[in-house]
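# Coordinate inspection notes
One-letter residues, chain by chain:
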Amino acid sequence: MDLTIKNNEAKFLVRLADTSLILGQRLAEMCSNGPFLEEDIALSNISLDLFGRAEEMYKIICDIEGNNFTPDDLVFRRNEREYFNIKLVEQPNEDFAWVIVRQFLHDIYVQEVYTQLLNSENSEVVGLAQKVLKEVRYSYIHSKDWMERLGLGTEESNARVQSAVDHQLKYIEEIFAFDELDKTYLADSDQLRSVWENDVNATLAACNLERKEIMPLTMRDFRDGFHSEHIGHLLSIMQYLPRAYPDAKW
Amino acid sequence: MDKFEKAFNDIIEKDLKVEPRDWMPEKYRKTLIRQVSQHAHSEIIGMQPEGNWLLRAPSLRSKQVLLAKIQDEAGHGLYLYSVAETLGISRQEMNAQLHSGEAKYSSIFNYPTLTWADMGAVGWLVDGSAIVNQVSLQRTSYGPYARGMVRICKEESFHQRQGYEIMVKMAFGTPEQKEMAQDALNRFWEPSLMMFGPHDADSAHSSQSMAWKIKRESNDHLRQRFIDRTVPQAEYLGLTIPDPNIKWNEETGHYDHSPFNWDEFWNVVNGNGPCNQERLDHHKKALSDNTWVREAAAAYAVKTENVVA
């Protein structure tokens, strides 16, 4: 089955869909592993939002591509190099601080992306963006609250969240290396960066966290299907059944 | 009999509800704490065997449905812990009792989930037996427990349908899928029936619980209702109940069945099931790995309260 996405808008949208899916899968790993029951439920909620968002976006992509394949085909039949998520969301759940920092850095980014997509010429995308913004607002409040609690909580929590920030900021630079597709479908890609920078800097400062100088790493672009090593493991677990039983319907 | 005891007996007699501030016999309170905390722990430990397949769910739809279902179970655990808290025990104490083995949870969750069909069998059979029991508990005499059950039952009926939907897809799917479905039924049938607990004659807590209307129907009665309901569902799926003696008895108006393997049941209850150790270790690890998170939240709360003050 040829799962190549050919249309430019669909190529842009699949980056968002994949980012949502992979983060949803990472958060699902937290189910029954949360620090207490209420938080376990909250993380599952956010994971469900992300899967739902990915599914709706894949439907739009499949429509644009003439419905030659389905959202499930895209999720379960593509290989590592055919995935286009940002590398940040592949990063593992080393501890709860990693989960929160990854979510926070992601939430600011997608909040601005979907705000800009309200101006899309594609009415399906606008409809989805309206829905997503309601969800992201909650997720953002949740992750930002935890940044505060962990940053200002104890010495240990501050050290853990600082370590997570130091690691995950390495995966940010590529997000803002916009290509022509980004510039076409985002209303204002420059603003995306400035909104993100302002919020991150202000939050880190308010939470007694440092934003260290990070040398740009040599890393190929997620837009070309490049990843960290984590993606292969994540996909092999996620795709196991449809790959092992290609004729089965689930 | 003092006036408090008389008031309590009146409530039970008239089928009214006992509320947290009402006087109640110490043994009534203890029995409820034991039962409600066991029920809560079952919801929470029950997240694990299903969580085992969450990351491998084979479609976007099945993944979302399964995650929503497991999340519901966490929510049920939360209601039930809250019910137990109204009886004067804290969540920390309940967790400590779970970890020490003093408090139990439903033994069914000590069985491994080996294939995707087990997600079907767990929903269909395990949630199916749970519903039969819980529907009956909607009339239990302790008010907060009864009200919690009303809400839980609404969600559980979705869970059972979710399980049966997976069974339908598997049983009518490829030969390999059908084989997985039969295998799951073979493994979960008898343990699901034993979920209702020992036979009435052997049930240690039953008679007092029935008198206090904590329990409204006997183990055997509920079990039979579940069997009668489930055998035709297996027939529709074209699957075979793994009991050669299952047959309709015109005289009793129920299905007959073979005796159960109670030795296995007690062995699993007493800690020697296939996954007892793993389930408890998982629960302990999630709590202990995150001690620092709870400490941070508590420290932050103290600091911000001081600021407000």
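Look above for the structure.
Described in the following lines is the structure provided in the data block.

## Digging into the packing of helix α7 (residues 143-171) of chain B against helix α8 (residues 175-194) of chain B
Residues and elements named next belong to chain B. Put simply, α7 and α8 touch, their axes get as near as 7 Å, and they point 135° apart. Here α7 is positioned oblique relative to α8, judged by the angle of their axes. Across the interface between the two elements, M167, K169, M170 and A171 from α7 touch Q177, K178, M180 and A181 from α8.

## Observations concerning the packing of helix α5 (residues 123-152) of chain A against helix α6 (residues 155-168) of chain A
All names here are of chain A. The geometry of α5 relative to α6 is characterised by a closest axis approach of 6 Å and an angle of 125° between their N-to-C directions. Between α5 and α6, the angle is such that the two are oblique. Residues M147, R149, L150 and G151 of α5 pack against S157, N158, V161 and V165 of α6. Tallied by class, the residues present in the contact of α5 with α6 amount to four nonpolar, three polar and one charged.

## Notes on the pattern of salt bridges
Scanning the model with the defined rule gives 32 salt bridges over all chains in all. For the salt bridge of E50 of chain B with K69 of chain B, the shortest nitrogen-to-oxygen distance reads 2.4 Å. Of the two residues, E50 of chain B is situated in helix α3 (residues 47-54) and K69 of chain B in helix α4 (residues 60-85); the sequence distance between them amounts to 19 residues. The pair E50 of chain B / K69 of chain B is uniform in exposure class, with both members buried. For R61 of chain B, the salt bridge goes to E165 of chain B, with nearest N and O atoms at 2.6 Å. You can see R61 of chain B sitting in helix α4 and its partner E165 of chain B sitting in helix α7, a full 104 residues away along the chain. Judged by relative accessible area, which is 45%, R61 of chain B ranks as partly exposed. Owing to a relative accessible area of 34%, E165 of chain B belongs among the partly exposed residues under this scheme. The structure contains a network of salt bridges with shared partners spanning R15, D179, D182, D221 and R223 of chain A.

## Observations concerning the packing of aromatic side chains
Residue and element names in this part refer to chain B. Counted according to the given criterion, the structure contains 18 aromatic pairs over all chains. Between W248 and Y255, the ring centres sit 5.0 Å apart and the planes meet at 70°, which makes this aromatic pair edge-to-face. Judged by its relative accessible area of 12%, Y255 is buried. Relative to W262, the ring of F260 lies with its centre 5.9 Å away and its plane at 85°, an arrangement referred to as edge-to-face.

## Remarks on the interface of chain A and chain B
Reports often express the size of an interface as the amount of accessible area lost when the parts come together. Counting residues at the interface gives 49 residues for chain A and 43 residues for chain B. Interface area, chain A with chain B, both sides summed: about 4,000 Å², of which 70% is carbon and sulfur. Sorting the residues of chain A by area buried against chain B places L37, L48 and W250 of chain A first, and these three jointly supply 17% of that buried surface. For the pair chain A and chain B, the number of links is one salt bridge. The partner of E38 of chain A in a salt bridge is R91 of chain B, and the shortest N-O contact between them spans 2.4 Å. Looking at the side of chain A that touches chain B, the elements with two or more residues in it are α1 (8-28), α2 (37-64), α3 (71-77), α4 (96-117), α5, α6, α9 (230-238) and α10 (240-244) of chain A. Counting residues per element, the side of chain A that touches chain B draws most heavily on α2 of chain A, which supplies 12 residues. For the side of chain A that touches chain B, the residue count by class is 26 nonpolar, 11 polar and 12 charged.

Analysis parameters
Positions within a chain are numbered from 1, following the residues in the order the chain's sequence is written. Labels follow written order: the first chain is A, the first ligand is 1, and so on. Predicted model: local features are reported for residues with pLDDT of at least 70 only, side-chain atom pairs are reported and counted for 80 or more only, and whole-chain, interface and lining totals are derived from all residues. Think of the side-chain values as coming from all heavy atoms in the structure, minus any hydrogens and water. Angular values range over 0 to 180 degrees, each being the angle between N-to-C directions of two axes fitted as lines to C-alpha atoms, with helices fitted over their stretch in contact. Here a strand is any run of E in DSSP of at least two residues, a helix any run of H or I of at least four, and the numbering for each starts at the N terminus. In what follows, roughly perpendicular refers to angles from 65 to 115 degrees, roughly parallel to angles under 35, roughly antiparallel to angles over 145, and oblique to any angle outside these ranges. Residue contacts are counted whenever heavy atoms from the two residues lie within 4.5 Å of one another. Ten residues, namely Ala, Val, Leu, Ile, Met, Phe, Trp, Tyr, Cys and Pro, are considered nonpolar, four, namely Asp, Glu, Lys and Arg, are considered charged, and the remaining ones, Gly among them, are considered polar. When a carboxyl oxygen of Asp or Glu is within 4 Å of a side-chain nitrogen of Lys or Arg, the pair counts as a salt bridge. Think of it in three bands: residues with accessible area under 20% of the maximum for their type are buried, residues over 50% are exposed, and the middle band is partly exposed, with areas taken using a 1.4 Å probe on protein chains only. Between 30 and 60 degrees the pair is tilted, below 30 it is stacked and above 60 it is edge-to-face, where a pair is any two Phe, Tyr or Trp rings, Trp via its six-membered ring, whose centres lie within 6.5 Å. Two parts lose some accessible area (1.4 Å probe) when they are put together, and adding that loss for both gives the buried area.

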